Amino acid sequence: MKKFLAVVVAALLPAAVWAQAVSPSAAISPTRPQALFVLHPQTGTVVENVNGDARMGPASLTKMMTLYLLFDALKSGQLTLSSTIPVSEKAWRAEGSKMFIEVGKQIPVEDLIRGIAIVSGNDACIAVAEHLGGTEEGFAQLMNKKATELGMTGSHFVNASGLPDPNQYTTAHDMARLLTAIFRDFPEYRHFMAEQEFTFNNIRQQNRNRLLSMNVGIDASKTGHTEESGYHLASTAVQNGQRLVVVVMGTASFGEREGRTLQAFRNTFALYTPKLIAKAGEPVVRDVPVWHGVANRMNLTVAHDVVAYVSKANADQVKVTVTSNSPLLAPLAADAPSGELVVTLPNGETQTYGLVPAQPVEQAGFLKRWWQSLLRLVGLW
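Trainee: Looking at this structure, how should I read the packing of aromatic side chains?
Mentor: We describe a pair of aromatic rings using the distance from one ring centre to the other and the angle between the two ring planes. All told, the structure shown has six aromatic pairs when counted by the stated rule. Between Phe198 and Phe200, the aromatic rings sit 6.1 Å apart at their centres with planes inclined by 25°, giving stacked as the arrangement. For Phe198, a relative accessible area of 7% puts it in the buried group. Overall, the relative accessible area of 14% leaves Phe200 in the buried class. Ring plane angle 10° and centroid distance 6.0 Å describe the contact between Phe265 and Phe269, whose orientation is recorded as stacked. Here the residue Phe265 and the residue Phe269 both occupy positions in helix H8 (residues 254-271), the gap between them amounting to four residues, near one helical turn. When sorted by exposure, Phe265 lands in the same class as Phe269, which is buried. Site record: aromatic cluster; members linked through ring pairs are Tyr68, Phe71, Phe186 and Tyr189.

Trainee: Looking at this structure, how should I read the packing of helix H2 (residues 63-76) against helix H5 (residues 122-133)?
Mentor: The packing of two helices is summarised by the inter-axis angle and the distance between the axes. Relative orientation of the contacting elements H2 and H5 amounts to 45°, with a least axis distance of 11 Å. One way to sum up the angle between H2 and H5 is to call them oblique. For H2 against H5, the interelement crossing comes out left-handed. Contact with H2, carried on its side by Lys63, Thr66, Leu69, Leu70 and Ala73, involves Asn122, Cys125, Val128 and Leu132 of H5 and no other residues of that element. Taken together, the residues of the contact of H2 with H5 break down into six nonpolar, two polar and one charged.

Rules behind the numbers
Residues numbered from 1 in each chain as written. Predicted model: local features only at pLDDT ≥ 70, side-chain atom pairs only at ≥ 80, totals over all residues. Heavy atoms only, no water. Phe/Tyr/Trp six-rings, centres within 6.5 Å; stacked < 30°, edge-to-face > 60°. Buried < 20%, exposed > 50% of the residue type's maximum accessible area, 1.4 Å probe, protein only. Helix = DSSP H or I, 4+ residues; strand = E, 2+ residues; numbered from the N terminus. Axes fitted to C-alpha atoms, helices over the stretch in contact; angles between N-to-C directions. Parallel < 35°, antiparallel > 145°, perpendicular 65-115°, else oblique. Left-handed = near helix turned anticlockwise from the far one by under 90°. Contact = heavy atoms within 4.5 Å. Nonpolar A, V, L, I, M, F, W, Y, C, P; charged D, E, K, R; others polar.

So, in structure tokens, the structure goes:
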């Protein structure tokens, strides 16, 4: 009977969620912020940032950190996809969305990944947390440690699933960082976050992100929702070789989070383009004086191509300012910090890149160094 009821609940869930999404009563709280953060990770360009650093309850976006740590355990060899994890009574009794694991059973890691990524199973999260962290509280410490390493300065975790807690919070900016880290660090596992359905224990459930079935190019995503935080959606998609990360948080309905996400992807892919600012190896600053070097002057360049992702309509409004250390002191390695190139985009966003010598410069012999010092002493150098 329990399994039968679980099947019925899972089957009715999409319709129930859709009804809530379109219901006029699902009005957003006037005190709850909504956030939109659009990132072009290939260049680091922040295309749009609306309340991107406002602290909000992460809901099930929390599960992206749980997945990150699980993927990390796979990559390190601590686990394999066929490894099994036991189900505690705490995991079995988890509130909210479930993959319906049973207490005392040993569940393959691959199934738990799908249970977290596709159907947002809180029970699967607790099982993983207890296995990797000893307790869910111990796992939360691992989550916060990893968040610090990833530069997620606006986040704090207290559980693995995202169930509401006043001490658990994040930002849209941080969730963009986290999703970027997942597809950067674990390309072999991110496909789990784009699968549209999962059947476990004879219970078939759908991914709550309906954009996966549309021609958007999404190859990883995670949904989230609680009454306190609203509806969230973090997604990444690729079109014509360009990748975008879009995080929408705090919307009033299921449909609104998808609509805003879809609009962000379509508008940005259609209206934005990469713009080369500086090419690696080519001079950015010419003839910078070199002190005590075998060469008296040196060109400065960038170590890697500098590219911004900008609106096609105002790509000519990108501003570039350059500062250089002068004089440079030899010896100079090829990666010696020698100045900065600052790119200011039309939306006010700035990006800073280091300048380096175009070639390494060896230190001059004693006589030349003595002579330069003498000339400088008398004001002639």
